[in-house]
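Listed here are the chains, written in short residue letters.
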Amino acid sequence: KLQAAKQVDINHAGAEELERLPQIGPLMAQRIIDYRAAHGPFRGPDDLLDVPGIGPATLNAIKDDVTW
């Protein structure tokens, strides 16, 4: 029996939790954390496009797996 993946809260997740997202490795996880620290909380998944290295393809891969 498959379980639905738990959504990752992009405003509170640490690096380890962020790395569970598709296409997010240690470097990208740290960029998300650094961006959040510098600019405040994300208002929605589209705000991730402002993080260096995240483009439309990556956003499309993770948008259903994140909450904020």
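Note that the structure is a prediction, hence the values are computed from the model and not measured.

> I would appreciate a short explanation of the packing of aromatic side chains in the present structure.
Remark: the centre distance and the inter-plane angle together describe each pair of aromatic rings, the angle taken between the planes. A complete count under the given rule lists 1 aromatic pair for this structure. On the numbers, 5.7 Å between centres and 15° between planes, the contact of tyrosine 35 with phenylalanine 42 is stacked. The two residues tyrosine 35 and phenylalanine 42 agree in class, both being buried.

> What is the right way to read unusual backbone geometry from this model?
In terms of backbone geometry, most residues other than glycine have negative phi values and most peptide bonds are trans. In this structure, glutamine 23 takes a positive phi of about 70° despite not being glycine. Tracing the backbone through its elements, the reader meets glutamine 23 in the loop between helix H1 (15–18) and helix H2 (26–39).

> Looking at this model, I keep getting lost on the side chain of threonine 58. Mind explaining?
Secondary-structure assignment places threonine 58 in helix H3 (residues 56–62). Within the structure, the side chain of threonine 58 is placed 3.3 Å from the side chain of glutamine 23, a separation counted as a polar contact. Non-local contacts of threonine 58, meaning those with residues more than four positions away in its chain, are made with Gln23 and Ile24.

> Even after reading the chapter, I still don't get the environment of arginine 20, so can you show me in this structure?
Position of arginine 20 relative to the elements: it lies in the loop between H1 and H2. Overall, the relative accessible area of 60% leaves arginine 20 in the exposed class. Residues arginine 20 and threonine 58 lie 38 residues apart in sequence; the distance between their C-alpha atoms is 13 Å.

> Hey, could you run me through the nonpolar core in this one?
Soluble globular proteins tend to pack their nonpolar side chains together in the buried interior. Judged by nonpolar contacts, the single largest core of 18 residues is most densely connected at Leu18, Leu21, Ile24, Ile32, Phe42, Leu48 and Val51. Contributions of two or more residues to this core are made by H2 and H3. Counting residues per element, this core draws most heavily on H2, at 5 residues.

> What am I meant to see in H2 here?
For an α-helix, 3.6 residues make a turn, and residues three or four places apart therefore share a direction. Taking 1.5 Å of rise per residue, 14 residues should cover 20 Å, and H2 covers 20 Å from first to last C-alpha, within 8% of that figure. The inward-facing, buried residues of H2 abut H1. With its phi angle positive at about 90°, glycine 40 sits one or two positions after the end of H2.

Definitions and cut-offs
- Residues numbered from 1 in each chain as written.
- Predicted model: local features only at pLDDT ≥ 70, side-chain atom pairs only at ≥ 80, totals over all residues.
- Heavy atoms only, no water.
- Phe/Tyr/Trp six-rings, centres within 6.5 Å; stacked < 30°, edge-to-face > 60°.
- Buried < 20%, exposed > 50% of the residue type's maximum accessible area, 1.4 Å probe, protein only.
- Helix = DSSP H or I, 4+ residues; strand = E, 2+ residues; numbered from the N terminus.
- Polar contact = N/O pair within 3.5 Å; in protein donor to acceptor, adjacent residues only side chain to side chain.
- Contact = heavy atoms within 4.5 Å.
- Core = buried A, V, L, I, M, F, W, Y, C linked by side-chain atoms within 4.5 Å.
- Expected span 1.5 Å × (residues − 1).

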